[in-house]
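A structural walkthrough
Take a look at the letters that make up each chain.
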Amino acid sequence: MSSNPPSFALKVLVVDDQPLIRRGLALTLAAEPGIDIVGQAADGEEAIALAHRHRPDIVLMDLKMPRMSGVAATRAITDELPGTQVVVLTTYDTDELVFDAIRAGAQAYLLKDATEEELIETMRAVHRGESRLQPQLARKVLEELRRTPVPSATASSAPRARDPQDATFTPQESRVLELIAQGLSNREIAQAVSLAEGTVKNYVSRIMEKLHVRSRTELAVKALQRRHGGDVGH
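Just so it is clear, the structure is predicted and the values come from calculations on it, not from any experiment. (Residues numbered from 1 in each chain as written. Predicted model: local features only at pLDDT ≥ 70, side-chain atom pairs only at ≥ 80, totals over all residues. Heavy atoms only, no water.)

Running from N to C, helix H1 (residues 19–30) and helix H5 (residues 116–127) point in directions that differ by 75°, and their axes come no closer than 12 Å. Accordingly, the angle class assigned to the pair H1 and H5 is roughly perpendicular. Counted together, Leu25, Thr28 and Leu29 of H1 and Glu116, Leu119, Ile120 and Met123 of H5 form the full contact between these two elements. Partitioning the contact of H1 with H5 into residue classes produces 5 nonpolar, 1 polar and 1 charged. (Axes fitted to C-alpha atoms, helices over the stretch in contact; angles between N-to-C directions. Helix = DSSP H or I, 4+ residues; strand = E, 2+ residues; numbered from the N terminus. Parallel < 35°, antiparallel > 145°, perpendicular 65-115°, else oblique. Contact = heavy atoms within 4.5 Å. Nonpolar A, V, L, I, M, F, W, Y, C, P; charged D, E, K, R; others polar.)

A few words on the sheet that holds strand E4 (residues 85–90). The pairing of strands in a sheet comes from backbone hydrogen bonds and takes either a parallel or an antiparallel form. The 6 strands are arranged E2-E1-E3-E4-E5-E6 in an open sheet whose pairing can be described as parallel. At either end of the open sheet lies a strand with only one pairing partner, and these are strand E2 (35–41) and strand E6 (132–133). Sheet topology note: the E4/strand E5 (residues 108–111) ladder contains 4 bridges and is parallel. Directly across from leucine 89, in E5, lies its bridge partner leucine 110. Running over the sheet, H1 touches strand E1 (10–15), E2, strand E3 (58–61) and E4 and is turned about 170° from E2. (Pairing = 2+ DSSP bridges.)

In contact at an axis separation of 10 Å, helix H7 (residues 171–181) and helix H8 (residues 186–193) are set at 130° when each is read in the N-to-C sense. Comparing the axis directions of H7 and H8 gives the class oblique. Note on packing geometry: the crossing formed by H7 with H8 is right-handed. When H7 is examined against H8, the residues Gln172, Arg175, Val176, Leu179 and Ile180 are found in contact with a partner set consisting of Ile189, Ala192 and Val193. Here the contact of H7 with H8 is composed, by residue class, of 6 nonpolar, 1 polar and 1 charged. (Left-handed = near helix turned anticlockwise from the far one by under 90°.)

The next subject is the pairing of E5. In the case of a regular strand, side chains alternate between the two sheet surfaces. What you see with E5 is no split at all: Ala108 and Leu110 on one side and Tyr109 and Leu111 on the other are buried throughout. One ladder, built from 2 bridges, connects E5 with E6; its direction is parallel. Each residue of the ladder has a partner; that of tyrosine 109, found in E6, is leucine 133. In terms of handedness, the path from E5 via H5 over to E6 forms a crossover that is left-handed. (Buried < 20%, exposed > 50% of the residue type's maximum accessible area, 1.4 Å probe, protein only. Right-handed = clockwise from strand over helix to strand, strands pointing away.)

Take a look at the structure:
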């Protein structure tokens, strides 16, 4: 359990097609101070409907579900509800699913063997504007981006991402991108470069626009790709 819950209630929508898992997650998270479960959905279509109805801060999203997948639901929710963030929680870590979920706009991707503490901290971090990708999953996505720098067929409706080696950045933007690749939060980056946190957020937004990415998580992966593929500065 978190020892420092926020002063506000984090509104969470739980999405999973297995009733026992869905209800278990909802009960577990509802017992955590500062978390309010606003709804439960059994598939992607229901998730979209409930997200529009309740406007949650976080959607805890499974991926493989009937009627509509979690990837498709993630894309719809992040497109239609910019104030709502998606955290994927699944048993699947195949390259294609991880890659497509991030392309769809998921801000974090966790496997169901994650601890309760890790899950809660991930949701709160995402709400703060950070991203989370377990190290083994980050490696998978980086390898996939190296092999195929364009979205897969299942993510064809997402904006095509520019090759991260093509974008040009100012020295300050390059420094911020390097710190993102190191896994630093906006607050930590602000301390490292002696800027206000709001200014760092503006830099991050501009970098995301230049790289044509949909989420902070995809940006972190792009930053890793630049780090491994060449100099971050131009």
